[in-house]
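Examination of the molecular architecture
The lines below spell out each chain.
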Amino acid sequence: MPMSSSPEPVLDANLAVALNALLAEQSVTRAAARLHTSPAAMSRTLARLRRILQDPLLVRAGQTMVPTPRAQALRDEAASVVRRLGALLTPGAGVDPAVLRGTFTLQAADLVGAALAPGLLRLAGQEAPGVSLRFRAEEWEAGPALRDGRIDLEIGSIDHVDPETRVEELVTLRMAAAVRPGHPLTEGPLTPDRLAAAEHVVVSRRGRFTGPLDTALAERNLHRRVAVVLPGHLAAMTLAARSDVVCLVPTAPPGAADSPLTDAATALGLRLLAIPLPLPPLAIGMAWHPRQAADGGHRWLRGAVRRTLRASGGPTG
């Protein structure tokens, strides 16, 4: 014959708070004032506590009330429970980055990761030496990695997130044509015809040969030749530095300070040429799941990413 299980008791934290006030004040009236309620309501609560604990708790002694032995035994424990409840239900204090320990996982394209890593490592070393950073490639793009908690932050062109995901735009960039020094396109003004006539390398994780530049060229009945498609910008820029192919790279708009995202092109010695066609701007942002919105460590991480990508004063969205 199966054993019957008793239902779990319904716990009411308010009863613990009331019990603590009653035992501390030894007066229904004073306990009611302490908890900003009426003496009648507190009297009903005392009656309920007496039924639950099967003890009178406070009894009349002349003009005052005195605790029973059970009440005296419960006094310290009741005060301790209320203190723990207060700590449990108090908003979290700000986190000191110096005491943070653990690893943050960031998803970013190779160029974004290369731009972020030096600045983030410098900030972590100065402010949060117990933090380690792990960068993952974009194989999880458009997947549930943020929702599932496999990554802490996604950084890049954010246009595929889950509905609840928080998104913040960081910098807005434009595309430029990157070529090696001495490339034929550096001689004379760059026109759409000359740009279309050159050989190009396209960056696409999905292996696509076309992009916004092809759309802009097609409006002028022009078509470019794509010699190779590579999955990352760093490989494409390295190829452009060693050959005559043209690589499109993100750069700061005219009149704006350089962004750390353009440092890789400069380090490779590439010349950046303004594209004489209207291309859509490239917005770089970061995305995170709301479960981490209030976490102190994650707030530090988001702030560090902001400071790193905006370190050169690039325009913000």
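Residues numbered from 1 in each chain as written. Predicted model: local features only at pLDDT ≥ 70, side-chain atom pairs only at ≥ 80, totals over all residues. Heavy atoms only, no water.

**A closer look at the environment of Ala-124**
Mapped onto the elements, Ala-124 comes out in helix α5 (residues 110-127). Those residues in contact with Ala-124 that lie beyond four places of it in its chain are Pro-129 and Trp-300. (Helix = DSSP H or I, 4+ residues; strand = E, 2+ residues; numbered from the N terminus. Contact = heavy atoms within 4.5 Å.)

**With respect to the pattern of salt bridges**
Using the criterion set out here, one finds 11 salt bridges in the structure. For the salt bridge of Glu-77 with Arg-84, the shortest nitrogen-to-oxygen distance reads 3.6 Å. A residue is classified by how much of its surface remains accessible, and Arg-84, at 49% relative accessible area, is partly exposed. Connected through salt bridges with shared partners, the residues Glu-25, Arg-30 and Arg-34 form a single ionic network. (Salt bridge = Lys/Arg side-chain N within 4 Å of Asp/Glu carboxyl O. Buried < 20%, exposed > 50% of the residue type's maximum accessible area, 1.4 Å probe, protein only.)

**Observations concerning the packing of aromatic side chains**
What the rule picks out here adds up to 0 aromatic pairs. Directly above the ring of Trp-288 sits Arg-302, whose terminal nitrogen or CZ lies 4.5 Å from the centroid. (Phe/Tyr/Trp six-rings, centres within 6.5 Å; stacked < 30°, edge-to-face > 60°. Lys NZ or Arg CZ within 6 Å of the ring centre and 35° of its normal.)

**Notes on helix α4 (residues 69-88)**
The terminal C-alpha atoms of α4, which comprises 20 residues, lie 29 Å apart, in line with the 28 Å expected from a rise of 1.5 Å per residue. At Arg-75, α4 shows its maximal kink, close to 40°. For α4, the full list of buried residues reads Ala-71, Leu-74, Ala-78 and Ser-80. Where α4 is buried, its residues contact α1 (13-25), α3 (39-53) and β2 (64-67). (Expected span 1.5 Å × (residues − 1). Bend = angle between axes of the 7 residues up to and from the residue.)

**Comments concerning the packing of α5 against helix α9 (residues 233-242)**
At a minimum axis distance of 7 Å, the contact between α5 and α9 shows a crossing angle of 95°. Judged by the inter-axis angle, α5 sits roughly perpendicular to α9. Of the residues in α9, those touching α5 at Asp-110, Leu-111 and Ala-114 are His-233, Leu-234, Ala-235 and Met-237. Grouping the constituent residues of the contact of α5 with α9 by class yields 5 nonpolar, 1 polar and 1 charged. (Axes fitted to C-alpha atoms, helices over the stretch in contact; angles between N-to-C directions. Parallel < 35°, antiparallel > 145°, perpendicular 65-115°, else oblique. Nonpolar A, V, L, I, M, F, W, Y, C, P; charged D, E, K, R; others polar.)

**Some remarks on the packing of α5 against helix α11 (residues 296-309)**
In the contact formed by α5 and α11, the axes pass within 9 Å of each other and the chain directions differ by 125°. Taken as axis vectors, α5 and α11 run oblique relative to one another. You can see that α5 and α11 cross each other, and the crossing is right-handed. Side by side, α5 and α11 meet where Ala-115, Leu-116, Gly-119, Leu-120, Leu-123, Ala-124 and Glu-127 of the first sit next to Trp-300, Ala-304, Val-305, Arg-307, Thr-308 and Leu-309 of the second. Grouping the constituent residues of the contact of α5 with α11 by class yields 9 nonpolar, 2 polar and 2 charged. (Left-handed = near helix turned anticlockwise from the far one by under 90°.)

**Digging into the side chain of Thr-105**
Mapping Thr-105 onto the fold places it in strand β3 (residues 102-108). With residues near it in sequence (within four places) discarded, Thr-105 still touches Arg-134, Arg-136, Arg-150, Ile-151, Asp-152 and Leu-153.

**Focus on the nonpolar core**
One finds Leu-106, Leu-153, Ile-155, Leu-261, Trp-300, Val-305 and Leu-309 to be the most contacted residues of the largest nonpolar core, which totals 27 residues. Only β3, α5, β5 (153-156), β6 (166-179), β11 (282-288) and α11 provide two or more residues apiece to this core. Ranked by residues supplied to this core, first place goes to α5 with 6 residues. When neighbours within four sequence positions are excluded, Leu-106 is seen to be in contact with Leu-120, Leu-133, Arg-134, Phe-135, Arg-136, Leu-153, Ile-155, Leu-301 and Val-305. (Core = buried A, V, L, I, M, F, W, Y, C linked by side-chain atoms within 4.5 Å.)

**What about the environment of Ala-198?**
Here Ala-198 shows up in the loop between α7 (192-197) and β7 (199-203). Judged by relative accessible area, Ala-198 falls into the buried class, the value being 12%. In this structure the C-alpha to C-alpha distance between Ala-198 and Val-226, which are 28 residues apart in sequence, comes to 8.8 Å. Beyond its immediate chain neighbours, meaning those up to four positions away, Ala-198 contacts Leu-185, Arg-225 and Val-246.

**Concerning α11**
In this model, α11 (14 residues) spans 20 Å end to end at C-alpha, consistent with the 20 Å of a helix rising 1.5 Å per residue. In terms of residue burial, α11 counts as a mostly covered element, since 11 of its 14 residues are buried. Buried within α11 are the following residues: Gly-296, Gly-297, His-298, Trp-300, Leu-301, Arg-302, Gly-303, Ala-304, Val-305, Thr-308 and Leu-309. Structurally, α11 contributes buried residues whose contacts are with β3, α5, β4 (131-136), β5, β6 and β11. Put simply, Asp-295 is the residue that caps the front of α11, since its side-chain oxygen is 3.2 Å from the backbone nitrogen of Gly-297. (Polar contact = N/O pair within 3.5 Å; in protein donor to acceptor, adjacent residues only side chain to side chain.)

**What to know about the confidence of the model for the protein**
Per-residue pLDDT for the protein averages 87, and the proportion of residues at 70 or more is 90%. Below pLDDT 50 for its whole length, residues 312-317 participates in 17 contacts with residues either more than four positions away or in separate chains. (pLDDT = per-residue confidence, 0-100.)

**Quick look at the pairing of β11**
β11 sits mainly inside the fold: 5 of its 7 residues count as buried. Pairing of β5 with β11 involves 3 bridges; the strand directions are antiparallel. Each residue of the ladder has a partner; that of Glu-154, found in β11, is Ala-287. Here β6 runs beside β11; their pairing, made up of 7 bridges, is antiparallel. Note on β11: the bridge partner recorded for Val-167 is Ala-287. (Pairing = 2+ DSSP bridges.)

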